[in-house]
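# Structural description and commentary
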Amino acid sequence: MLASVDMDSEKKGVKQMIRVVAENTVKKDKVEEFIKLAEKLEEMTNQKDEGCIHYALYQDLNDPQKLTFLEEWDSMKALNQHMAAGHFKEIVPQMEALTEGKSVNLYKKAGLK
């Protein structure tokens, strides 16, 4: 799970779109269970989380055990609020128990300070 993150530009009052790539390698016999939890998280996030531009799960064409959330947030504040939301705190630990590994990367548009 991602910890709450700060960015200097947001401290200065400049909103900056954030993209998240959260790649999960799911245990072979747990893929369907992971997808069901992810669908619930995706639905709740898209309905409830202010600042969410895009939030969806994608499955690798060559490796069905690789399931990746691609997310787009209008600010770091919105992402931090998402990670503090009840549905995130409830569902994400359940999903993590089904994985063999995870990597999460945050991105901003290149060249923006």
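What comes next is a walk through the structure.

What follows covers the overall build of the protein. A count of helices and strands for the protein gives four helices and four strands. Secondary structure elements of the protein, listed N to C terminal, follow the sequence α-β-α-β-β-α-α-β. Out of the 113 residues belonging to the protein, those deemed buried represent 41%. Long-range contacts, defined here as pairs at least 24 residues apart, represent 72% of the contacts in the protein between residues at least 6 apart. Taken as a whole, the protein presents about 7,000 Å² of accessible surface, with 50% of it coming from carbon and sulfur.

With respect to the helices and strands, the residue S103 is situated in strand 4 (residues 99-107). Expressed as a C-alpha distance, the spacing of S103 and E23, which sit 80 residues apart in the sequence, is 5.3 Å. Sequence-distant contacts of S103, defined by excluding residues within four places in its chain, comprise V21, A22 and E23.

A word on the nonpolar core. Grouped together as the largest cluster of nonpolar side chains are 26 residues, with contacts concentrated most on F34, F69 and M95. At the level of elements, strand 1 (18-26), helix 2 (31-48), strand 2 (52-59), strand 3 (66-73), helix 3 (76-84) and helix 4 (86-96) are the ones that each hand at least two residues to this core. Ranked by the residues each element gives to this core, the list is headed by helix 2, at seven residues. With residues near it in sequence (within four places) discarded, F69 still touches V20, V21, A22, N24, A38, L41, Y55, A56, L57 and M95.

Let us now look at the sheet that holds strand 3. Read from one edge to the other, the open sheet built from four strands follows the order 2-3-1-4, with strand pairing classed as antiparallel. With partners counted over all chains shown, the strands left at the sheet margins are strand 2 and strand 4, one partner each. Ignoring which end each strand starts from, the neighbouring axes of this sheet average 10° apart. Pairing between strand 1 and strand 4: eight bridges, direction antiparallel. Note on strand 4: the bridge partner recorded for V26 is T99. Helix 2 contacts strand 1, strand 2, strand 3 and strand 4 of the sheet and is inclined by roughly 170° relative to strand 2. Of the strands in this sheet, strand 1, strand 2, strand 3 and strand 4 are in contact with helix 3, which crosses strand 3 at around 130°.

Rules behind the numbers
- Residues numbered from 1 in each chain as written.
- Predicted model: local features only at pLDDT ≥ 70, side-chain atom pairs only at ≥ 80, totals over all residues.
- Heavy atoms only, no water.
- Helix = DSSP H or I, 4+ residues; strand = E, 2+ residues; numbered from the N terminus.
- Buried < 20%, exposed > 50% of the residue type's maximum accessible area, 1.4 Å probe, protein only.
- Contact = heavy atoms within 4.5 Å.
- Areas by Shrake-Rupley, 256 points an atom, 1.4 Å probe, with all protein chains shown as cover.
- Core = buried A, V, L, I, M, F, W, Y, C linked by side-chain atoms within 4.5 Å.
- Pairing = 2+ DSSP bridges.
- Axes fitted to C-alpha atoms, helices over the stretch in contact; angles between N-to-C directions.

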